[in-house]
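Spelled out from the first residue to the last, the chains are:
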Amino acid sequence: MKTEIDQKQVWIAGAAKSGLAAAQLLKKHGAIVFVSDAGPISAEGKETLNRLNIPFEEGVHSIDRMLIEAELIVLSPSIALDRPLPAAALNSGIPVVSEIECASWFLPPEATVIGITGTNGKSTTTHYLAQLMKRAGRKAIACGNYGTPLSDALLSENEYDCFVVELSSYQLETTYSLRPDVSVFLNLQNDHQARYGNLGEYFKAKWRLVLLTKASGTNIVDAPVFQQAIKYGCALPESRVVLSYGFLDDSQSKDLTSYPIERTSILNPQQSQLARFLPRPSYGHMTERSIVRNLETEVTHAWLESPVSGNLPLTAILLNSIERKDALQMCIQRPVLEGPHNQVNVFSASIAALSLGAQESTVISQWESENSNYVHLAHRLEEISKGSQFVTSTGQPISVRIINDSKATNVESAVVAVKSFPSGIRLLLGGEPKGDSYTPFLSYLGNQIKKIYPFGKAAQVIVEQISPHSLLAQSSARMLDAAQLALEESQDGDIILLSPACASFDEFQNFEHRGDMFRQWAEKQVSSK
C-alpha cells in the first residue's frame, strides 16, 4: 500500500474537514501533497497545512498547473464531477477519487468496516451502531460523512478495529476500493436534484455501496430500495441480502415472498484509470454482478411489529426463510430512541451487529431504555436533562420533557419528529425560512401538537399558513423567548419540542449553535429541589 502512493503527486481539491484529513494521511504515507480550494481556507486549516509543510492555494483552482503536476485528485464531496477541475482531470486521464477511497487504502486488513447510506437516518444509525459495537466489545468509531472523516479515524492514536462509516451519495460517486463487511441502505427519497437531475442517477450513486460490499458480507436493504434496484436494472450483490420492511402487521408479514429476481446488469458505473498505481493490486472496475444463489435461502426478511404501527411494545423479527419457525424474535418494551422512524434505524443497526456476531442479549440491552448506555446524538430528538423536573419563572415546578431537534432544518424532518410522540407537543417552529410550506403541520394540530410557538424570520409566514390561531402562540423574535413562553404555558406531561423546520442563520451560526443554546437554556430551568 504505502509504496504505491509514496512520492506520488496528489492534489486535494477542497480544504474542509475531509480534505485536510486526506492531506495529512497521504502526507504521512509519503505522497507529495498540494491543497487547492476555490474559496477561502480557514485560519485553522492554514495553520494545519503550514505545520505539515503542505503547500496550498485558496480562492482559485489552478487547473493548468494541476494538469502538469497531479497524478491523482482527491475531490471534496461538495464538488460535482462536472465542475472544471475534476472534468479537466478526467479528460486528461488523471484519476479522481474521494477521501473515503484514499482512506480505504490504509484500513487495517483485519478491521471490520460497516457502510451506511440512505436519504434519511444515516447519522442516527451510524451513531447508534458504533455505540452498540462498543457494547459488544469492539473498538468502534463512527466516522465518514458523520463527524470524523475516515482519514482522521485512521490517523488517531486509538487502534480501532471497527469503522462504522456514514456514506453520502457524493462520497460514493468516486469510491472504488472500500469493501464493507456489512452495508446498510436505509431508504431513498427524492433529493439532491440539482446534482443528479433525476432520482435514478441519485439512486445509482448510493447503490454503489451495495456492490462494493464483500461477497462474504451482508447487505441490509430497505425492501422498497431493493425494488428500485430492479426497476433501474442495477446489478445485484453477491453478498447475503437482508430485506427490511419497517413496520408490518401480522397479515402483511404472513404474505412475504421472495422477490422474482433475474440476473441483470448495471449501467456502466464511472470508469477510472486508478489501476496504474492504486495500493490495492486486486483493484478492478465495478463489473456486472448478479445474485447467483437461491434467493429463498439467501434472502433474510426482517420487519417490526407492534399493536398499532409504531406503538409499544414492539417485536423485531428476522426470518431466514418463509417459514416463521426459523424467526429470531426480540421484544422491546421501551426503546431508547422514540418514533417509528428511529425504530427502523435501530433495527437496521441491530441486524448489522447481529450479523457481525453480537449477542442477542447485548442488542436488546442497548435497545431497551432501562438497560441502555446509549449516548444520544446531539440535536436529533435529544432529550435534555432526562428525568429532571423543571421550574417556571414564577418558581412553579413542572414535569415536562424538553427535546432538542435543532437538526430538523426542513418541514419534512420536523414532521417526522412530531410523529415520534403521541400527544402533548408544544412545538417551537421557526428561524430562517427555506421556502417550504408549513401547512403539513395542520394535520397534527389538536392531535400530537398542542400548540405551535412561531419564532424568528419565519414567524409571519407560519402564522399566515397555520390556523386555527387559537393553537398558535404569540410570535417571538428570538427562539429562547418562544421556549420560555412554551414552558410558562406548559402543564405536567407536556413536551417542549424544538424542531424548527427552518435554517438557523437568522439568529445562530448553524443548527449546532442553535441546539447548544437551547440545551443551555433548558438546563438552567432544571429545578434544584
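The text that follows walks through the structure, step by step, so that each part is easy to find. (Residues numbered from 1 in each chain as written. Predicted model: local features only at pLDDT ≥ 70, side-chain atom pairs only at ≥ 80, totals over all residues. Heavy atoms only, no water.)

So, the packing of helix α15 (residues 340–355) against helix α16 (residues 360–367)
Okay, so step 1: Interhelical geometry of α15 versus α16 gives an angle of 155 degrees and a closest axis separation of 10 Å. By the criterion of interaxial angle, the relationship of α15 to α16 is roughly antiparallel. Between α15 and α16 the crossing geometry is right-handed. Within the contact between the two elements, α15 uses Gln343, Val346, Phe347, Ser350, Ala353 and Leu354 and α16 uses Glu360, Val363 and Trp367.
Okay, so step 2: In terms of residue class, the contact of α15 with α16 is made up of six nonpolar, two polar and one charged. (Axes fitted to C-alpha atoms, helices over the stretch in contact; angles between N-to-C directions. Helix = DSSP H or I, 4+ residues; strand = E, 2+ residues; numbered from the N terminus. Parallel < 35°, antiparallel > 145°, perpendicular 65-115°, else oblique. Left-handed = near helix turned anticlockwise from the far one by under 90°. Contact = heavy atoms within 4.5 Å. Nonpolar A, V, L, I, M, F, W, Y, C, P; charged D, E, K, R; others polar.)

Quick notes on the pattern of salt bridges
Okay, so step 1: Scanning the entire structure with this criterion turns up 14 salt bridges.
Okay, so step 2: Close ionic contact of Lys214 with Asp181 constitutes a salt bridge, the shortest N to O distance being 2.9 Å. Of this pair, Lys214 sits in the loop between α11 (199–212) and β10 (218–222) while Asp181 sits in the loop between α9 (169–172) and β9 (182–185), and the two are 33 residues apart along the sequence.
Okay, so step 3: The exposure class assigned to Lys214 is partly exposed, which follows from its relative accessible area of 29%.
Okay, so step 4: The salt bridge involving Asp494 is made with Lys450; its shortest N-O contact spans 2.9 Å. Of this pair, Asp494 sits in the loop between α19 (479–489) and β21 (495–498) while Lys450 is found in strand β20 (residues 449–455), placing the two residues 44 residues apart along the sequence.
Okay, so step 5: Overall, Asp494 belongs to the buried group, its relative accessible area being 3%. (Salt bridge = Lys/Arg side-chain N within 4 Å of Asp/Glu carboxyl O. Buried < 20%, exposed > 50% of the residue type's maximum accessible area, 1.4 Å probe, protein only.)

As for the layout of surface pockets
Okay, so step 1: For the second largest pocket, the calculated volume is near 710 Å³.
Okay, so step 2: Taken together, 30 residues make up the lining of the second largest pocket; nearest its centre are Pro335, Leu337, Glu338, Gly339 and Arg401.
Okay, so step 3: Mapped by element, the contributors of at least two residues to the lining of the second largest pocket are α15 and β18 (401–404).
Okay, so step 4: The element that contributes the greatest number of residues to the lining of the second largest pocket is α15, accounting for three residues.
Okay, so step 5: Classifying every residue of the lining of the second largest pocket by side-chain character gives 11 nonpolar, 13 polar and six charged. (1 Å grid on protein atoms, 1.4 Å probe; cavity = no way out; pocket = protein on both sides within 12 Å on 5 of 7 lines; lining within 4 Å. Points joined across faces, edges and corners; volume = space filled by probe spheres on them.)

Here's the deal with unusual backbone geometry
Okay, so step 1: Although it is not a glycine, Gln7 sits at a positive phi angle of roughly 65 degrees.
Okay, so step 2: For Gln7, the position within the fold is in the loop between α1 (2–5) and β1 (9–13).
Okay, so step 3: The phi dihedral of Ser385 is positive, around 50 degrees, even though this residue is not glycine.
Okay, so step 4: Among the secondary structure elements, Ser385 is positioned in the loop between β15 (382–384) and β16 (390–391).
Okay, so step 5: Given a relative accessible area of 23%, Ser385 falls into the partly exposed group.

Describing the environment of Val241
Okay, so step 1: Positionally, Val241 belongs in strand β11 (residues 240–247).
Okay, so step 2: Look at Val241 and you get buried, because its relative accessible area is 1%.
Okay, so step 3: For the pair Val241 and Val299, spaced 58 residues apart in the sequence, the C-alpha separation amounts to 5.0 Å.

Considering the side chain of Thr300
Okay, so step 1: Among the secondary structure elements, Thr300 is positioned in strand β12 (residues 299–305).
Okay, so step 2: A distance of 3.1 Å separates polar atoms of two side chains, one belonging to Thr300 and the other to Arg240. (Polar contact = N/O pair within 3.5 Å; in protein donor to acceptor, adjacent residues only side chain to side chain.)

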